[in-house]
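Examining the three-dimensional arrangement
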Amino acid sequence: MTAVTTTTHTTTQTTGTATTAPLAALAEDGARQVRRRRRLAPGKRLPAARLVGPAAVLVLWSVASAAGLLDPGAIPAPWTVLETGSRLWSAGTLPDDILTSLQRAATGFSIGLTVGILLALASGLTRTGEALIDGTVNLNRAIPTLGLIPLFILWLGIGETFKIAIIAIVVYIPIYLNTHAALSGIDSRFVELAEVQGLSKFRFIRQVVIPGALPGFFVGLRLGVTGSWLGLVVLEQINATSGLGYMMFQAQNYGQTDVILVGLVVYGIFGLISDSAVRIVERRVLSWRRTLSS
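Presented here is a report on the structure given in the accompanying data block. (Residues numbered from 1 in each chain as written. Predicted model: local features only at pLDDT ≥ 70, side-chain atom pairs only at ≥ 80, totals over all residues. Heavy atoms only, no water.)

**Brief notes about the pattern of salt bridges**
When the charged atoms of two side chains with opposite charge come close together, those side chains can pair. Under the counting rule described, the total for this entry stands at 5 salt bridges. Residue Glu130 pairs with Arg127 through a salt bridge whose shortest N-O separation is 3.0 Å. Of this pair, Glu130 and Arg127 both sit in helix α5 (residues 127-142), 3 residues apart, which is roughly one turn of that helix. Of the charged contacts in the structure, one is a salt bridge between Asp275 and Arg222, with a shortest N-O distance of 3.0 Å. Taken together, the residues span a long stretch of sequence, with Asp275 in helix α11 (residues 257-285) and Arg222 in helix α9 (residues 201-235) at a distance of 53 residues. Look at Asp275 and you get buried, because its relative accessible area is 7%. We classify Arg222 as partly exposed; its relative accessible area is 27%. (Salt bridge = Lys/Arg side-chain N within 4 Å of Asp/Glu carboxyl O. Helix = DSSP H or I, 4+ residues; strand = E, 2+ residues; numbered from the N terminus. Buried < 20%, exposed > 50% of the residue type's maximum accessible area, 1.4 Å probe, protein only.)

**Concerning the packing of helix α4 (residues 93-125) against α11**
The relative placement of two packed helices comes down to the angle between their axes together with the axis-to-axis distance. Relative orientation of the contacting elements α4 and α11 amounts to 45°, with a least axis distance of 12 Å. When the axes of α4 and α11 are compared, the pair comes out oblique. Judged by the sense of rotation from one axis to the other, the crossing of α4 with α11 is right-handed. Contact residues: Leu94, Ile98, Ser101 and Leu102 in α4; Val262, Val266, Tyr267 and Phe270 in α11. Across the contact of α4 with α11, the residue classes tally to 7 nonpolar, 1 polar and no charged. (Axes fitted to C-alpha atoms, helices over the stretch in contact; angles between N-to-C directions. Parallel < 35°, antiparallel > 145°, perpendicular 65-115°, else oblique. Left-handed = near helix turned anticlockwise from the far one by under 90°. Contact = heavy atoms within 4.5 Å. Nonpolar A, V, L, I, M, F, W, Y, C, P; charged D, E, K, R; others polar.)

**What to know about the packing of α4 against α5**
With their axes 6 Å apart at the nearest point, α4 and α5 run at an angle of 130° to one another. Here α4 is positioned oblique relative to α5, judged by the angle of their axes. Read as a crossing pair, α4 and α5 show a hand that is left-handed. Here Leu119, Ala122, Ser123 and Leu125 of α4 come into contact with α5, specifically with Arg127, Gly129, Glu130, Ile133, Asp134 and Val137. Residue classes in the contact of α4 with α5 are distributed as 5 nonpolar, 2 polar and 3 charged.

**Focus on the side chain of Asn140**
Mapped onto the fold, Asn140 is located in helix α5. A distance of 2.7 Å separates the side chain of Asn140 from the side chain of Tyr172, its partner in a polar contact. Contact partners of Asn140, with chain neighbours within four places excluded, come to Leu148, Ile169, Tyr172 and Ile173. (Polar contact = N/O pair within 3.5 Å; in protein donor to acceptor, adjacent residues only side chain to side chain.)

**Focus: helix α3 (residues 78-91)**
The terminal C-alpha atoms of α3 lie 20 Å apart, and with 14 residues this matches the ideal 20 Å at 1.5 Å per residue to within 8%. What α3 keeps buried is the set Pro78, Val81, Thr84, Gly85 and Leu88. All buried residues of α3 fall inside an arc of 125° around its axis, so they share one side. Turned more than 90 degrees off the buried face of α3, the exposed positions are Leu82, Glu83, Ser90 and Ala91. Check the buried side of α3 and you find it contacts α2 (52-66), α4, α10 (244-253) and α11. Immediately beyond the C-terminal end of α3, within one or two residues, lies Gly92, with a positive phi of roughly 90°. (Expected span 1.5 Å × (residues − 1). Arc of directions from axis to C-beta.)

Everything listed is a geometric property; what it means functionally is a separate question.
See below:
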């Protein structure tokens, strides 16, 4: 009887070991596959990662200037640019020029943003609007915007109006194109589901159209923000009496490279800040999406 019991116990242990081995192998394979999948993702987001590139450029610039590899007359050292900026700020010139540039950029951007959204909605939600608007906007896109400056000066004069109008055109085109593309790319099954559910036009726009168009809208918004600064730096060098572009144009006439670099650095800082602000808003508004960046 004891021998039979011992044999049964031994058989049970052998069977348990034989059953556990494949399970352990499957678990190990599953863990290996999970680890393999995790390696495909970019990984955790680094804190202040977008500042690493500009910081590296600043370090290289400083090292090259200290080593005498750069001509101070062509590319002044960072500390020289910083000293010039402090001097212009203390004199009151730089704050006034920055305020003027911000007002122009903000006004033109607001107009372009409003026009771009309205045209994209009208073109993306109605066939009549698409027939009237989409071709016209694409024709406008094919014409270099800065090439319209002489015509706008004849129409609107050389004051602030034509500058704001050009900035608005530079802004509204990318916002319209990306928002319209996002509206056109909404899955038709969502539209059919909304029709089956009997959604009204307002609820359809609020619950289907707006969430579907937001990713494309934010792409256009980032391009529009960048475009407003690019257009501004050119416009402020044409018949202007104030602004960062005017300051840089005057510095060019007197060969003041350090002042030009001060203007470029300020433009770059404002461009980076505005783009980062849009990215933060985008991340919060689209927090429901699961993407590589998140």
